[in-house]
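Single-letter residue listing:
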Amino acid sequence: MRELFWLFILFVCVQRISELIIAKRNEKWMLSQGGYETGTRHYPFIVALHISFFISLIIEVELLHKTINSDWPLWLTLFLLTQLSRVWTLRSLGTFWNTKIIVLPGAKIVKKGPYRWVRHPNYIIVTMEFIIIPFLFQAYYTALIFTLLNAFMLTVRIAAEEQALMNATDFKKGY
């Protein structure tokens, strides 16, 4: 069972590293088009939050000898649905997707894919992952702690992102 856990962690880590490569490519493109970064003060805390999430998950599962949840088909299905939603979200934003807040003055706000209905679908997906991934392996302390920390961080992040978008694009609060 430990092998399954480590394969899962490896999969998610490879996915996150791939996303960072995409984000860096998109960042270079946006900056070359006249974009600029904002919200730099809180970004290291977001990085630390995400890294700490995985460290906490590993420690809780390994030290407390957690095993896969008996309801694993449900949790795995929910995880796979979040991954499909993640891909849909990233593809909908295209070159505008990033892990940082980088805005391109005068750009039109993306209103396709999940952005037709929800302003910040990627943040919803991450929030769901902070619950689903630990529940898959019965790491309930990690789920609780990081869901709360993420909720706090998102209050800072979303406010900074929306302010930047309102200042530089056609984004209107309450669209």
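Coordinates for the structure precede this section.
Every residue gets a number counted from 1 within its own chain, in the order that chain's sequence is written. With the structure being a predicted model, the display of local features is reserved for residues of pLDDT at least 70 and the display and counting of side-chain atom pairs for 80 or more, all residues being used for whole-chain, interface and lining totals. Hydrogens and water molecules were not included; the side-chain quantities draw on all heavy atoms of the structure.

Caption draft 1: Structural detail: the overall build of the protein. Strands are runs of DSSP state E lasting at least two residues, helices are runs of H or I lasting at least four, and both sets are numbered from the N terminus onward. Secondary structure assignment for the protein yields five helices and two strands. In the protein, the succession of helices and strands from N to C terminus is α-β-α-α-β-α-α. Its C-alpha atoms give the protein a radius of gyration of 17 Å, near enough to 16 Å, the size a compact globule of 175 residues would have. Seen through its principal axes, the protein has C-alpha atoms that stretch 50 × 30 × 30 Å. Evaluated residue by residue, the protein yields a buried proportion of 44% over its 175 residues. By sequence separation, contacts in the protein at least 24 residues apart represent 86% of the contacts at least 6 residues apart. Surface exposure here means Shrake-Rupley accessible area, sampled with a 1.4 Å probe, where a residue is shielded only by the protein chains that are shown. For the protein, the accessible area works out to roughly 9900 Å², and carbon and sulfur atoms hold 70% of it. A gap of 9 Å separates the mean positions of the 18 positive and 11 negative side-chain charges of the protein. With the radius of gyration taken over C-alpha atoms, the globule rule is written as 2.2 Å times the number of residues to the power 0.38. Using a 1.4 Å probe on the protein chains alone, a residue whose accessible area is under 20% of its type maximum counts as buried, one over 50% counts as exposed, and one in between counts as partly exposed. Should any heavy atoms of two residues lie within 4.5 Å, those residues are counted as being in contact. We score Asp and Glu as negative and Lys and Arg as positive, and we do not count His or the chain ends. Taken as the charge location is NZ of Lys, CZ of Arg, CG of Asp or CD of Glu.

Caption draft 2: Quick peek at helix α2 (residues 43-63). A helix is expected to span 1.5 Å multiplied by its residue count minus one. Here α2 contains 21 residues, and its C-alpha end-to-end distance of 30 Å stays within 8% of the 30 Å for a straight helix at 1.5 Å per residue. Among all positions of α2, only Y43, I46, L49, F53, F54, S56, L57, E60 and V61 are buried. An end-on view of α2 places all buried positions within 160 degrees of arc, on one side of the element. When the buried face of α2 is taken as reference, the exposed residues oriented beyond 90 degrees from it are F45 and L63. Elements that come into contact with the buried residues of α2 comprise α1 (2-32), α4 (121-136) and α5 (140-168). One or two steps after α2, the chain reaches H65, where phi turns positive at roughly 55 degrees. Directions drawn from the helix axis to the C-beta atoms are what define this arc.

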